[in-house]
Amino acid sequence: MEYLLGVVEVYRVTRRVELGIKATAVCSEKLQQQLKDISRVWNNLIGFMSLATLVPDESSLDFSSCILRPSIKNAKEMACGVCLLNVDARSKAFNSETDNFKLLYGGHQYHASCANFWINCVEPKPPGLILPDLL
């Protein structure tokens with residue numbers, strides 16, 4: 001059960017990154033293909049997870065309220081260094097036990113789950129992405 005809950009959290013990070021990509025209009029064919037692959041794998045897992053009633057509420061995967069808009073003052077300082085979404089905003093199904101952790105490293109803020117995923121699955125140092133001037 002703990003493993004599957006960890007998989008859900010990784011998928012939540014994926015959804016944040018996907019939304020950040022769409023919001024900043026920064027994308028490539030390779031990223032699009034990887035997102036499609038992740039979606040396919042997630043849909044296969046949902047069937048398995050439904051047997052154990054572990055399927056997360058869709059609103060817990062909705063981070064649309066986290067997109068940084070041009071009108072937001074200090075938007076660049078508020079952006080997560082991995083997903084580029086607002087580190088202070090939450091999913092629509094906010095859970096204070098799992099959704100409220102952020103950290104500061106190297107002058108950038110991060111959602112704890114984004115930084116954790118990056119450090120454990122990509123490389124030991126988080127990227128420190130900067131919100132593009134496209135906003």
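Since we're looking at a predicted model, the values are computed, not measured. (Residues numbered from 1 in each chain as written. Predicted model: local features only at pLDDT ≥ 70, side-chain atom pairs only at ≥ 80, totals over all residues. Heavy atoms only, no water.)

## Considerations on the overall build of the protein chain
Okay, so step 1: If you tally the helices and strands in the protein chain, you get four helices and two strands.
Okay, so step 2: N-terminal to C-terminal, the α/β element order of the protein chain is α-α-α-β-β-α.
Okay, so step 3: Across the protein chain, the fraction of contacts at a sequence separation of at least 24, relative to all contacts at a separation of at least 6, is 62%.
Okay, so step 4: If you sum the accessible surface of the protein chain, you get close to 8,300 Å²; carbon and sulfur atoms cover 57% of it. (Helix = DSSP H or I, 4+ residues; strand = E, 2+ residues; numbered from the N terminus. Contact = heavy atoms within 4.5 Å. Areas by Shrake-Rupley, 256 points an atom, 1.4 Å probe, with all protein chains shown as cover.)

## Remarks on the side chain of H111
Okay, so step 1: Tracing the backbone shows H111 in strand 2 (residues 108-111).
Okay, so step 2: Polar side-chain contacts of H111 include one of 3.2 Å to the backbone oxygen of N86.
Okay, so step 3: For H111, the contacting residues outside a window of four places in its chain are R16, C80, C83, L85, N86, V87, A89, F101 and K102. (Polar contact = N/O pair within 3.5 Å; in protein donor to acceptor, adjacent residues only side chain to side chain.)

## Topic: the nonpolar core
Across soluble globular proteins, you tend to see nonpolar side chains buried next to one another.
Okay, so step 1: Membership of the largest hydrophobic core comes to 14 residues, with the highest contact counts inside it found for C80, L85 and C114.
Okay, so step 2: Elements that contribute at least two residues to this core include exactly helix 1 (2-24) and helix 4 (112-121).
Okay, so step 3: Setting aside residues no more than four positions away along its own chain, C80 makes contact with L85, V87, Q109, Y110, H111, C114 and L129.
Okay, so step 4: The next biggest cluster of nonpolar side chains, apart from the first, holds eight residues, and it includes L4, V7, W42 and L61. (Core = buried A, V, L, I, M, F, W, Y, C linked by side-chain atoms within 4.5 Å. Buried < 20%, exposed > 50% of the residue type's maximum accessible area, 1.4 Å probe, protein only.)

## Description of the packing of aromatic side chains
Okay, so step 1: Inspection of every chain in the model, using the stated rule, returns one aromatic pair.
Okay, so step 2: Centre to centre, the rings of Y11 and W42 are 3.9 Å apart; their planes meet at 5 degrees, and the pair counts as stacked. Highlighted residues: Y11 in helix 1 and W42 in helix 2 (residues 29-51), separated in sequence by 31 residues. In this structure, Y11 and W42 share a single accessibility class: buried. (Phe/Tyr/Trp six-rings, centres within 6.5 Å; stacked < 30°, edge-to-face > 60°.)

## Things to note about helix 4
Okay, so step 1: Taken as a whole, helix 4 has its buried residues at S113, C114 and A115.
Okay, so step 2: As for helix 4, its buried residues are in contact with helix 1, strand 1 (102-105) and strand 2.

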